[in-house]
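So the chains spell out like this:
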Amino acid sequence: MLRNSDEVFVEDWSSRPEIAAAMAAMSNGASAQWSPPFFSVAIHETIVSYRQPIRAEGQFMGAFIPALTVNEMSSYLARLSDDLDIDAFILYGRDHVLAEPTMSTGKFAYSAANPLPTLAEAGNPILARIWDQDRRSRLSAPLKNAEAHYVVVDDVPIVLGGDY
Amino acid sequence: MRARRLSILMMAIAVGSVLAIGIIYGGRNLAMQLRDRADTRVGAVNERLDRHLGPVESQAAFLADWAGHHPDVLENPARLAEAMRMSLAALPQVAAMAYVAPD
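Parameters and conventions
Residues numbered from 1 in each chain as written. Chains lettered and ligands numbered in written order. Predicted model: local features only at pLDDT ≥ 70, side-chain atom pairs only at ≥ 80, totals over all residues. Helix = DSSP H or I, 4+ residues; strand = E, 2+ residues; numbered from the N terminus. Contact = placed C-beta atoms within 7 Å. pLDDT = per-residue confidence, 0-100. Expected span 1.5 Å × (residues − 1). Buried ≥ 20, exposed ≤ 12 C-beta atoms within 10 Å, placed from the backbone.

Before going further, it helps to spend a moment on the overall build of chain B. For chain B, the count of helices and strands is two helices and three strands. The N-to-C order of helical and strand elements in chain B reads β-β-α-α-β. Pairs at least 24 residues apart make up 35% of the contacts formed inside chain B by residues separated by at least 6 positions.

It is worth spelling out the confidence of the model for chain B at this point. When pLDDT is low, close inspection of the predicted coordinates is not appropriate. Residues and elements named next belong to chain B. Here chain B averages 73 in pLDDT, and 65% of its residues register 70 or above. Across chain B, the secondary-structure element scoring lowest on mean pLDDT is strand β2 (residues 16-24), at 37, and the one scoring highest is strand β3 (residues 96-100), at 94. Under a pLDDT of 50 for its full length, residues 1-28 has, in the predicted model, 88 contacts with residues more than four places off or in other chains. Prediction confidence for the complex, expressed as pTM and ipTM, is 0.80 and 0.85 respectively.

Now for helix α2 (residues 70-84) of chain A. Residues and elements named next belong to chain A. Along its 15 residues, α2 runs 21 Å from first to last C-alpha, staying within 8% of the 21 Å computed at 1.5 Å per residue. Within the span of α2, buried status applies to Val-70, Asn-71, Glu-72, Met-73, Ser-74, Tyr-76, Leu-77 and Leu-80. One or two residues past the end of α2 sits Asp-85, with phi positive at roughly 55°.

Residue and element names in this part refer to chain A. Residue His-44 is not a glycine yet carries a positive backbone phi of 65°. Relative to the helices and strands, His-44 resides in the loop between β2 (38-40) and β3 (45-56). Look at Glu-57: it is not a glycine, yet its phi comes out positive at around 55°. Among the secondary structure elements, Glu-57 is positioned in the loop between β3 and β4 (59-69). Overall, the presence of 8 C-beta atoms within 10 Å leaves Glu-57 in the exposed class.

All names here are of chain A. Note on placement: Ala-122 falls in the loop between β6 (96-99) and α3 (125-128). Judged by C-beta crowding, with 22 C-beta atoms within 10 Å, Ala-122 ranks as buried. Separated by 85 residues in the primary sequence, Ala-122 and Pro-37 place their C-alpha atoms 16 Å from one another. If sequence neighbours within four positions are ignored, Ala-122 has contacts with Val-97, Glu-100, Pro-117 and Leu-127.

Following this line, the structure appears as structure tokens:
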């Protein structure tokens, strides 16, 4: 079911290995969890979904799966960045960008083969150089609750830190 | 003096979500007060993301609990669709909702 449509789609997902694996895990007791990002043919965009198992008296009855698009998440990051006077990004792994404020403009063409832009494709100079320098670089004032490292972009030192 | 601003980086990796924060600064050293400011921003981002994603998790859990207590609804496409539609109404950040049968 799509938000912007009254139509209800009925599809056979039994041949999709990632769905089959998730359903098998939930059938064996796995709890709810977020999925890796993947390209949705129905939405024509990359999405992340939340897999919530349904159980009745201990028996697995299926799952509800709400999905968010990466463009929506990027739009949220844009608002968050404005509100907090920051630049926010969500990376997937070390080399791909899940959400970034300018991605909400639809500038990236998602596909099954390329569900997420790489750091270089995102068009953000900070992201493009985020791993340029050793993340264990010493800082004079490390963050209290996060690791930190720095990069230099356009002669401006940029300190990045986190629990990674 | 160069303008200072904070830049926060969120990074999601396969083993879970992690948070990073970046600070663009004009001085030679990362000042302690900037560190405190950065830590505050990290907390704020965590809170905001929780407020964005938390309701999706809560609503899905509520819907699953409801369906678990009324399993007949899972055999009734019209009622199931109505329940899912109502859930979407409460979650503007969600683009789509699916029910996947166990078989």
